[in-house]
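Residues per chain are reported as follows:
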Amino acid sequence: MLSVVENCFSPRTAAFFDLDKTVIAKSSTLTFSKSFYQGGLINRRAVLRTAYTQFVFMAGGADHEQMEKMRAYLSALCKGWNVQQVREIVAETLHDLIDPIIYDEAATLIEEHHTAGRDVVIVSTSGAEVVEPIGELLGADRVVATRMVVGDDGCFTGEIEYYAYGPTKAEAVKALAESEGYDLARCYAYSDSVTDVPMLESVGHPHAVNPDRALRREATHREWPILVFNRPVRLKQRLPAFSMPARPALVAAAAVGAAAVTAGLVWYASRRRATAALPG
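For the structure given in this document, a descriptive report is provided here.

Rules of the game
Residues numbered from 1 in each chain as written. Predicted model: local features only at pLDDT ≥ 70, side-chain atom pairs only at ≥ 80, totals over all residues. Heavy atoms only, no water. Helix = DSSP H or I, 4+ residues; strand = E, 2+ residues; numbered from the N terminus. Buried < 20%, exposed > 50% of the residue type's maximum accessible area, 1.4 Å probe, protein only. Contact = heavy atoms within 4.5 Å. Salt bridge = Lys/Arg side-chain N within 4 Å of Asp/Glu carboxyl O. Polar contact = N/O pair within 3.5 Å; in protein donor to acceptor, adjacent residues only side chain to side chain. Core = buried A, V, L, I, M, F, W, Y, C linked by side-chain atoms within 4.5 Å. Phe/Tyr/Trp six-rings, centres within 6.5 Å; stacked < 30°, edge-to-face > 60°. Expected span 1.5 Å × (residues − 1). Pairing = 2+ DSSP bridges. Axes fitted to C-alpha atoms, helices over the stretch in contact; angles between N-to-C directions.

## Regarding the overall build of the protein chain
Regarding its fold elements, the protein chain presents twelve helices and seven strands. Considering the protein chain as a whole, with its 280 residues, one finds that 51% of them fall into the buried category. Long-range pairs, those at least 24 residues apart, make up 67% of the contacts in the protein chain between residues at least 6 apart in sequence.

## Re the pattern of salt bridges
Taken as a whole and judged by the stated rule, the model has eleven salt bridges. A salt bridge links Lys169 to Asp18; the shortest N-O distance between them is 3.0 Å. Of this pair, Lys169 sits in helix 8 (residues 167–180) while Asp18 sits in the loop between strand 1 (14–17) and helix 1 (28–31), and the two are 151 residues apart along the sequence. For Lys169, a relative accessible area of 1% puts it in the buried group. Here Arg222 ties to Glu201 by a salt bridge, and the two come within 2.8 Å at their closest N and O atoms. Of the two residues, Arg222 is situated in helix 10 (residues 213–222) and Glu201 in the loop between helix 9 (197–200) and strand 6 (205–209); the sequence distance between them amounts to 21 residues. Each of Arg12, Asp119, Arg142 and Glu180 takes part in one network of salt bridges that share partners.

## Structural notes on the side chain of Arg147
Within the secondary structure, Arg147 is located in strand 3 (residues 142–150). You can call Arg147 buried: its relative accessible area is 12%. Only 2.3 Å separates the side chain of Arg147 from the side chain of Glu132, close enough to count as a polar contact.

## Things to note about unusual backbone geometry
Backbone geometry at Lys21 places phi at a positive 65°, although glycine is not the residue there. Looking at the element boundaries, Lys21 is found in the loop between strand 1 and helix 1. The class of Lys21 is buried, set by a relative accessible area of 11%. Backbone geometry places Asn210, a non-glycine residue, at a positive phi of 45°. If you trace the backbone, Asn210 turns up in the loop between strand 6 and helix 10.

## Thoughts on the nonpolar core
With 42 residues, the main nonpolar core has Phe17, Leu19, Phe36, Ile98, Ile102, Ile122 and Leu138 as its most contacted residues. Of all the secondary structure elements, the ones that give two or more residues to this core are strand 1, helix 5 (83–97), helix 6 (104–115), strand 2 (119–127), helix 7 (128–138), strand 3 and strand 5 (188–191). Sort the elements by how many residues they give to this core and helix 7 lands first, with six residues. Membership of the second largest hydrophobic core comes to 23 residues, among which are Leu176, Ala189, Val203 and Ala219.

## Some points on the packing of aromatic side chains
To describe a pair of aromatic rings, you give the distance between the ring centres and the angle between the ring planes. Scanning the entire structure with this criterion turns up four aromatic pairs. Ring geometry for Phe16 against Tyr182: centres 6.1 Å apart, planes inclined by 80°, an arrangement best described as edge-to-face. Of this pair, Phe16 sits in strand 1 while Tyr182 sits in the loop between helix 8 and strand 5, and the two are 166 residues apart along the sequence. Each member of the pair, Phe16 as well as Tyr182, carries the same accessibility label: buried.

## A word on helix 8
Here helix 8 spans 20 Å end to end across 14 residues, near enough to the 20 Å set by a 1.5 Å rise per residue. Listing the buried residues of helix 8 in full gives Lys169, Ala170, Ala172, Val173, Ala175, Leu176 and Ala177. Downstream of helix 8 by a residue or two, Gly181 has a phi angle that is positive, lying close to 80°.

## What to know about the environment of Lys169
With 30 residues separating them along the chain, Lys169 and Met199 place their C-alpha atoms 5.9 Å apart. With near-sequence residues (within four places) excluded, Lys169 lies in contact with Asp18, Val123, Ser124, Thr125, Ala164, Asp196 and Met199. From its side chain, Lys169 meets the backbone oxygen of Val123 in a polar contact 3.2 Å long. A polar atom in the side chain of Lys169 sits 3.2 Å from the side chain of Asp196.

## Digging into the sheet that holds strand 3
Strand order in this open sheet of seven strands is 4-3-2-1-5-6-7, and the pairing throughout is mixed. Whereas interior strands pair on both sides, the edge strands pair on one side only; in this sheet they are strand 4 (156–162) and strand 7 (226–227). In the packing of helix 6 onto the sheet, contacts are made with strand 1, strand 2, strand 5 and strand 7, and the angle to strand 1 comes to roughly 160°.

If you want it as C-alpha cells, here you go:
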C-alpha cells in the first residue's frame, strides 16, 4: 500500500508511468493498426507486419535495436497521414481497444497515487495522438509522448520533433520536476523496459513492472521492487459504478496542456544542448 495523503506543506510529488506493458498489456500504437487500416491509412500488408511487430514486442520485450527499428518503421508508415483523421479514429475506437487491456493493478496504483495527493504522469514513446487520449481515459494529470512533425497541410511529414525514449524520458521527468516543483527523491516511477532505467533511477521510488530480462537483472541488482501485473480488466468492471474522478489539472492539461508541456521540454532540452556547446 502507498503512504497516506501527503502533508499539504510538503513538496509536490508525482508518479511517472511508462504506458506499454506497464499500464496496458500491449503496444498502444500497434493496437490501433486494424482501425487505421479500416480508416484507409494503411494497407493489409502493413496490418500483418504490425501484428508481427506486436508479437515480437510482447514475446521478448523490445531492446534498443528493436525500438529503433520500430521507430523508423512507424515514422515511415505514418508519413502523409492526416493528423485530424488519426485523432478521430483513436477517439472512436479508444474504449473498445484500450479499455479491455488496462491492467487492473495499474489502475489501482493510479487511484492510490491520486488519493495520496500525487500527480500521475504518463511518459511514453508512443505518439501523442495516441497517448494523450489514453492518459485522459486513465485520469492522468500530464502526458509526455513522442511528437511527429506536422506539415502545413495538416499531415505528418515522417520526421520526429520529440522522441520520448531512454535518456530523453529522464530529461522530461527532471524538467517537469523543475517546472512543477516535484521532489524527485519522493517520487515514484514504473516501467517494464531496461531502456527506461534512466527514468527509473531519477526518482526515489523506482519499480520494475513485468520487466524484460535485462531490467529484471538490473532491478534485482539495485534491489528495486518488481511488480507483476497480469489482470487486464475494463475500468467499469472494476467497480459497479466506476467513474474516473474529475481532476482539475487533467481538464486543463490533458489535451492542450500536454502539448504545451512537451513543447516546453523540447525547448528546454534544446536550450541545454545549445548552452553546453558554447565555449567556456
